[in-house]
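# Inside the fold
Listed here are the chains, written in short residue letters.
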Amino acid sequence: MASKKKQVNPSELPLVDQMDYFLLEAENTANQAKQNKKSLTGNTPNAERFHTARTQTMRAFKEIQSTISPVANDGLERTLNDVEKELSYFFDPRTSIADRRDLRRHIEMLAKSEIEPTIKSVNRIETEFIPIEIVDGSRGYVVNVTRQANRCFQNDSFDACGVMVRRLLETLIIEVFEKKGIAEKIKDSGGNFFMFTDLVSKLINTPETPVGRATKKELPTIATVLNNCAHSRTFNISKTQLVQYQAFIVIAVQELMGLWDVQKSSS
């Protein structure tokens, strides 16, 4: 005996899948109405189903917008605007069957290729600004600073997060130079370690501490921004600004951990 297909509960689906689900439901309803020569407007069963599918689709889309708009770049904002326009045409009762099908497919393509990856990224950074596994098992003070940076981010304390990220990068740069036996290159005549901006400059310009192209290009700017988080009286970093640099910060932390090559504990 064939097993029954499990009934899908759309409210349990991710937002992008919810939108796809209700778009397909609306398309099927419109096709059925066309075949039966029924209207998608007025007080008819097909019109009610079409209206309900539209309402649920737009609810899912508005939630998607509110989730990713704070971190969206210009390209993603254009995608959101395009999807909104296409949804309007899709739900126009006068739209042809062929156009509605093509619109659904195009919206699904944009949602899966551009919108869904951003939602997953946002969901990740809501819990961890810097993935703890990068530093886990190294030194306790490094792990603790990383955890504090993540907690600050989770609690919307974005300047505090910037300060803790700055401290983490500063600590890791010093650890790398000490591990390489060239700590004197980052000390002044009095034996004091350089300030953060100078540490970054030494890191990217010292042959013994090779870092990637992205770190060489972005870390000096990031250092300036993080210094403002720590020292500027009038500057407050926003979530959007901080997330803008997140990928480069994570790359830099990974590279520094690799250069440090610290023996991690097995616990």
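Up top you'll find the structure we're talking about.
Predicted model, so just to flag it, every value in this text is computed and none were measured.

## Quick look at helix α8 (residues 213-231)
With 19 residues, α8 should cover 27 Å at 1.5 Å per step; its first-to-last C-alpha distance of 28 Å lies within 8% of that length. Roughly 40 degrees is the biggest bend found in α8, and it falls at L219, with proline P220 one to four residues downstream. All of the buried residues in α8 are T215, E218, L219, I222, A223, V225, L226, N227 and C229. Structurally, α8 contributes buried residues whose contacts are with α6 (158-179), α7 (196-205) and α10 (246-260).

## Quick look at the packing of aromatic side chains
For the structure shown, the criterion picks out five aromatic pairs. Each ring, one from Y21 and one from F22, has its centre 5.2 Å from the other, and the planes form 85 degrees; the classification is edge-to-face. Aromatic side chains F90 and F91 sit 4.8 Å apart centroid to centroid with 75 degrees between the ring planes, which places their arrangement in the edge-to-face category. For F90, a relative accessible area of 0% puts it in the buried group. Among the aromatic side chains, those forming a connected cluster through ring pairs are F50, F90 and F91. Just above the ring of F90 sits the side chain of R100; from NZ or CZ to the centre is 5.7 Å.

## Quick word on the packing of helix α2 (residues 45-68) against helix α3 (residues 74-90)
For the pair α2 and α3, the least separation of the axes is 12 Å and the interaxial angle reads 170 degrees. With respect to their mutual orientation, α2 and α3 come out roughly antiparallel. Contacts from F50, T57, M58, F61, K62, I64, Q65 and I68 in α2 reach L76, L80, V83, E84, L87 and F90 in α3. Counted by class, the contact of α2 with α3 contains ten nonpolar, two polar and two charged residues.

## Looking at the environment of M58
Looking at the secondary structure, you find M58 in helix α2. A residue is classified by how much of its surface remains accessible, and M58, at 18% relative accessible area, is buried. In sequence terms M58 and I173 are 115 residues apart; their C-alpha atoms lie 48 Å from each other.

## Some points on the nonpolar core
Among soluble globular proteins, nonpolar side chains are generally buried collectively. Core analysis: the biggest nonpolar cluster contains 49 residues, and V165, L169 and V253 have the highest contact counts within it. Of all the secondary structure elements, the ones that give two or more residues to this core are α5 (140-154), α6, α7, α8, α9 (239-244) and α10. With 28 residues, the next largest nonpolar core counts A30, F50, I64 and V83 among its residues.

Rules of the game
- Residues numbered from 1 in each chain as written.
- Predicted model: local features only at pLDDT ≥ 70, side-chain atom pairs only at ≥ 80, totals over all residues.
- Heavy atoms only, no water.
- Helix = DSSP H or I, 4+ residues; strand = E, 2+ residues; numbered from the N terminus.
- Expected span 1.5 Å × (residues − 1).
- Bend = angle between axes of the 7 residues up to and from the residue.
- Buried < 20%, exposed > 50% of the residue type's maximum accessible area, 1.4 Å probe, protein only.
- Contact = heavy atoms within 4.5 Å.
- Phe/Tyr/Trp six-rings, centres within 6.5 Å; stacked < 30°, edge-to-face > 60°.
- Lys NZ or Arg CZ within 6 Å of the ring centre and 35° of its normal.
- Axes fitted to C-alpha atoms, helices over the stretch in contact; angles between N-to-C directions.
- Parallel < 35°, antiparallel > 145°, perpendicular 65-115°, else oblique.
- Nonpolar A, V, L, I, M, F, W, Y, C, P; charged D, E, K, R; others polar.
- Core = buried A, V, L, I, M, F, W, Y, C linked by side-chain atoms within 4.5 Å.

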